[in-house]
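Overview (structure and organization)
Chain by chain, the residues run as shown.
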Amino acid sequence: MNYIKSAGFFSIFYVILYFGLSIGLRFFITDSDLFTGLFYVILLAATLIYLKICGDDIKTTLRIHPIRIGSFFLIILLAFTIRPVAGFITLIANLFFKDMTTTTMTQKVMQNLSLSILTTAFLPGLVEETIFRGVVYSRVRKANPIKGILLSALFFGIAHMNFQQFCYAFFLGIVFGFLIEASDSILSSMTAHMVFNGSSLLLTYLLSKTDIFNTAANTASGNVSSTDLTTIIASIPMALIGLVLSILLIIAIAYLNGRLGYMKTWFYKQYRASWPKEKSAGFSFFAAVGVCFLFSILMEISAHII
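Residues numbered from 1 in each chain as written. Predicted model: local features only at pLDDT ≥ 70, side-chain atom pairs only at ≥ 80, totals over all residues. Heavy atoms only, no water.

A few words on the overall build of the protein chain. Of regular secondary structure, the protein chain possesses 15 helices and zero strands. What you see for the protein chain is a C-alpha radius of gyration of 19 Å, in line with the 19 Å of a compact globule of 306 residues. Projecting the C-alpha coordinates of the protein chain onto the three principal axes gives extents of approximately 55 × 45 × 35 Å. When each of the 306 residues of the protein chain is scored for burial, the buried share is 48%. Considering only residue pairs separated by 6 or more positions, the protein chain has 80% of its internal contacts joining residues 24 or more positions apart. With an accessible surface of roughly 14900 Å², the protein chain has 71% of that area assigned to carbon and sulfur atoms. (Helix = DSSP H or I, 4+ residues; strand = E, 2+ residues; numbered from the N terminus. Rg over C-alpha atoms; globule rule 2.2 N^0.38 Å. Buried < 20%, exposed > 50% of the residue type's maximum accessible area, 1.4 Å probe, protein only. Contact = heavy atoms within 4.5 Å. Areas by Shrake-Rupley, 256 points an atom, 1.4 Å probe, with all protein chains shown as cover.)

So this is what it looks like as structure tokens:
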């Protein structure tokens, strides 16, 4: 039972379920929105069943706690201040990796904006946060919260199954990890995740309706298919401002929730020395990450061949 309750077991379980659903559902469902909706619903149901089998208290494990009103508005703002940083990272990633999502997302948004918000903003924010900042993070943070944030962000990023998305998703995973600690509630990372994805969809929709300022707005949304060094350099100031504002917002959220003092101790060498010396993650966890990494390589190769 100890192994079943580990981050490694759940990560392997997630990868198997991911590929099983990706292949299995395709035999029966051709509509992309219906496929995505069922995919996330099954993932969520399987995750909750897993927690029940492990005997975990779902509310405690997932840290389902109310969000303070003041924090809620700061979380919304944070979802926008991290956008220039994510956009800058995407610009760098586009120099090396193929963008496999922008065209598909644009087509889905143009067909049905409301349905796209449900399947690309609401469900991912709910289900992915439950999985990565809920189950995975609760398993890997026990020994070391900083390592826990980095490891859960690593898995979150590579679980997107392509390197272009990994680059900015890894950054977002770190932000969401610090956010859940600052607020002590997974509802905060769910909210930020939903708002970030939803605002990307809305911006994509607006851009598709008007050709004005296409390049600049695409850069801000992180949806850029072609990149040059001039664009990257021009985006640096906004990315730095966004990063500073995001850090200040997380500090403010931690302060409002009485968690700032606790989080400060993470950076005291004397306090870190008292942390348990157990491993944050074992072989199974990194095996799951490795499978996602190998699949990302295959996706990158196939994208360039096609």
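Here the narrative resumes, following the displayed structure.
The residue Ser-71 is located in helix α4 (residues 69-81) in this model. Residue Ser-71 is classed as buried on the basis of its relative accessible area, which comes to 1%. What Ser-71 contacts, discounting residues up to four positions off in sequence, is Ile-253, Leu-256 and Asn-257.

Counting across every chain of the model gives 25 aromatic pairs. On the numbers, 6.1 Å between centres and 45° between planes, the contact of Phe-10 with Phe-13 is tilted. A residue pair is termed a helical-turn pair when its members lie 3 or 4 positions apart in one helix, as Phe-10 and Phe-13 do in helix α1 (residues 7-24) at three residues. Consider the rings of Tyr-262 and Trp-266, whose centres lie 5.6 Å apart with planes at 85°: the pair is edge-to-face. Taken together, Tyr-14, Tyr-18, Phe-19, Phe-35, Phe-39, Tyr-40, Phe-132, Phe-155, Phe-156, Phe-285, Phe-286 and Phe-295 form an aromatic cluster joined through their ring pairs. A cation over an aromatic ring shows up here: Arg-26 above the ring of Phe-35, its NZ or CZ 3.7 Å from the ring centre. Directly above the aromatic system of Phe-156 lies the positively charged group of Arg-133, at a separation of 4.3 Å from the ring centroid. (Phe/Tyr/Trp six-rings, centres within 6.5 Å; stacked < 30°, edge-to-face > 60°. Lys NZ or Arg CZ within 6 Å of the ring centre and 35° of its normal.)

With that settled, consider the UniProt feature "transmembrane region" (unreviewed entry) in the protein chain. Under the UniProt annotation, the feature "transmembrane region" (unreviewed entry) is placed at residues 7-28, 34-51, 72-97, 109-127, 148-180, 229-256 and 281-301. Between the end C-alpha atoms of residues 229-256 the distance is 40 Å, and the span holds 100% helix and 0% strand. For the annotated span residues 281-301, helix accounts for 90% and strand for 0% of the residues, and the straight-line distance between the end C-alpha atoms is 30 Å. (UniProt positions renumbered as here; feature names shortened; annotations may be inferred.)

Here we come to the UniProt feature "domain: CAAX prenyl protease 2/Lysostaphin resistance protein A-like" (unreviewed entry) in the protein chain. The UniProt feature table records "domain: CAAX prenyl protease 2/Lysostaphin resistance protein A-like" (unreviewed entry) at residues 113-198. Secondary structure content for residues 113-198 is 88% helix and 0% strand, while the C-alpha to C-alpha distance between its ends is 10 Å.

Moving on, we get to the packing of helix α8 (residues 145-158) against helix α9 (residues 163-183). Running from N to C, α8 and α9 point in directions that differ by 145°, and their axes come no closer than 7 Å. At the point where α8 passes α9, the crossing takes the right-handed sense. Here α8 contributes Ile-149, Leu-150, Ala-153, Leu-154, Phe-156, Gly-157 and Ile-158 to the contact with α9, which in turn contributes Phe-163, Phe-166, Ala-169, Phe-170, Leu-172, Gly-173, Ile-174, Gly-177 and Phe-178. Class assignment of the residues belonging to the contact of α8 with α9 gives a composition of 13 nonpolar, three polar and no charged. (Axes fitted to C-alpha atoms, helices over the stretch in contact; angles between N-to-C directions. Left-handed = near helix turned anticlockwise from the far one by under 90°. Nonpolar A, V, L, I, M, F, W, Y, C, P; charged D, E, K, R; others polar.)

What follows covers the nonpolar core. Membership of the largest hydrophobic core comes to 65 residues, with the highest contact counts inside it found for Tyr-14, Leu-43 and Phe-155. Counting residues per element, this core draws most heavily on α9, at eleven residues. (Core = buried A, V, L, I, M, F, W, Y, C linked by side-chain atoms within 4.5 Å.)

Attention shifts here to the pattern of salt bridges. This structure, assessed with the given rule, holds nine salt bridges. Ionic pairing is found between Asp-56 and Arg-139, a salt bridge with its closest N-O pair at 2.7 Å. With Asp-56 in the loop between α2 (32-54) and α3 (58-62) and Arg-139 in helix α7 (residues 113-140), this residue pair connects regions lying 83 residues apart in the sequence. Taking the relative accessible area as the measure of exposure, Asp-56 reaches 13% and is therefore buried. Using a relative accessible area of 9% as the deciding quantity, one classes Arg-139 as buried. The closest approach of N and O atoms between Arg-141 and Glu-181, which form a salt bridge, is 2.8 Å. Taken together, the residues Arg-141 in the loop between α7 and α8 and Glu-181 in helix α9 connect sequence positions 40 residues apart. Taking the relative accessible area as the measure of exposure, Arg-141 reaches 22% and is therefore partly exposed. (Salt bridge = Lys/Arg side-chain N within 4 Å of Asp/Glu carboxyl O.)

Within the fold, Arg-83 resides in helix α5 (residues 83-94). Each C-alpha atom, one on Arg-83 and one on Ser-235, is 11 Å from the other, the two residues being 152 residues apart in sequence. At 2.6 Å, the side chain of Arg-83 forms a polar contact with the backbone oxygen of Phe-196. (Polar contact = N/O pair within 3.5 Å; in protein donor to acceptor, adjacent residues only side chain to side chain.)

The geometry of α4 relative to α5 is characterised by a closest axis approach of 5 Å and an angle of 25° between their N-to-C directions. With respect to α5, the element α4 is oriented roughly parallel. Of the residues in α5, those in contact with Ala-79, Phe-80 and Thr-81 of α4 are Arg-83, Pro-84 and Val-85. Tallied by class, the residues present in the contact of α4 with α5 amount to four nonpolar, one polar and one charged. (Parallel < 35°, antiparallel > 145°, perpendicular 65-115°, else oblique.)

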